[in-house]
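# Structure assessment
The lines below spell out each chain.
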Amino acid sequence: YLDRHSDRPDRPRMKWPSPPRKGTEALFVEFDPPIAEWPAGVRAGAPVEWQAKMTVYARQGVPFAQGSAARRVWWEGNETIDFEGESYANCVRLRAETDLHLGWWASFRLRETVWLAEGVGIVRRVERLSGRALLLFRFDSEHQYVLQAHEIEASKTEASSSPRRWARLAIHLDRSI
C-alpha cells in the first residue's frame, strides 16, 4: 500500500484493497516518533518503553482523531519451541503491550508474545487484541501463529543492527463502521 494520510499534493496516497462503501472498513495510523517493534536492546529486568503521538486518518486521507500510543517490551527468557517435527532451541521469548488511546472514540490494547530463533526470526507468535469503540462496543480476540517452514536467503544472512520501527499502520476491518 501507499500511505494516503494527507490531502497535500506532495504526499503519497493509500490505495485500499476495495472500492469505497458507506462507512469505512479501514483506518490509517501515523506515529510520531516511530515506535520500535522488537528492539534489539531488551534485557532482563525493566521493560523497554516508547511513547508517541498518533494521528488517525479516514479512508480519504483526512485526519479525524488524535491520540497517544505507548509500547512496552519485556524479555521473558529463552525456551525451545517444538512444532510438527521442527525444533527451535534457545528461542528468545519477548512480551509486548501496545496501548492506543483516542479519547472517547476508541482505545486498543495489543498484547503479543513472540519466540525468536537465531537465524530464523519469529517462530511463534500469540496476539490478543482488546479494546472499546464509542464507549459502548467492546471487543476481544486472540490468535496464535506458528512458523510452518523457512529457508535462509543468501542475501539475508547478516542481522540488522537496528530494530524495525512502526511509523505508519493500516488497520483493515472485517466490516464497515
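Our subject is the structure listed above.
Our subject in this report is the structure included herewith.

Right, let's get into the overall build of the protein chain. Helix and strand counts for the protein chain come out as 0 helices and 8 strands. Within the protein chain, buried positions represent 36% of all 177 residues. The long-range fraction of contacts in the protein chain, counting pairs at least 24 apart against all pairs at least 6 apart in sequence, stands at 49%.

Applying the stated criterion across every chain yields a total of 11 salt bridges. With a closest N to O distance of 2.8 Å, E127 and R125 form a salt bridge. Across the pair, exposure class does not vary: E127 and R125 are buried alike.

A separate point is the packing of aromatic side chains. For the structure shown, the criterion picks out 3 aromatic pairs. When the ring of F64 is compared with that of W105, the centres are 5.2 Å apart and the planes differ by 70 degrees; the resulting orientation is edge-to-face. Of the two residues, F64 sits in strand β3 (residues 63-83) while W105 sits in the loop between β4 (86-101) and β5 (106-117), which places them 41 residues apart along the sequence. Judged by relative accessible area, which is 38%, F64 ranks as partly exposed. Of note, R95 hangs over the ring of W74, and the distance from its end group to the ring centre comes to 4.0 Å.

You can see R72 is positioned in strand β3. Polar contacts involving the side chain of R72 include one to the side chain of D99, which spans 2.6 Å. Each residue touching R72, except ones within four places of it in the same chain, is listed here: P47, V48, E49, R95, A96, E97, D99 and R109.

Analysis parameters
- Residues numbered from 1 in each chain as written.
- Predicted model: local features only at pLDDT ≥ 70, side-chain atom pairs only at ≥ 80, totals over all residues.
- Heavy atoms only, no water.
- Helix = DSSP H or I, 4+ residues; strand = E, 2+ residues; numbered from the N terminus.
- Buried < 20%, exposed > 50% of the residue type's maximum accessible area, 1.4 Å probe, protein only.
- Contact = heavy atoms within 4.5 Å.
- Salt bridge = Lys/Arg side-chain N within 4 Å of Asp/Glu carboxyl O.
- Phe/Tyr/Trp six-rings, centres within 6.5 Å; stacked < 30°, edge-to-face > 60°.
- Lys NZ or Arg CZ within 6 Å of the ring centre and 35° of its normal.
- Polar contact = N/O pair within 3.5 Å; in protein donor to acceptor, adjacent residues only side chain to side chain.

Any functional reading would require information that these geometric values do not contain.
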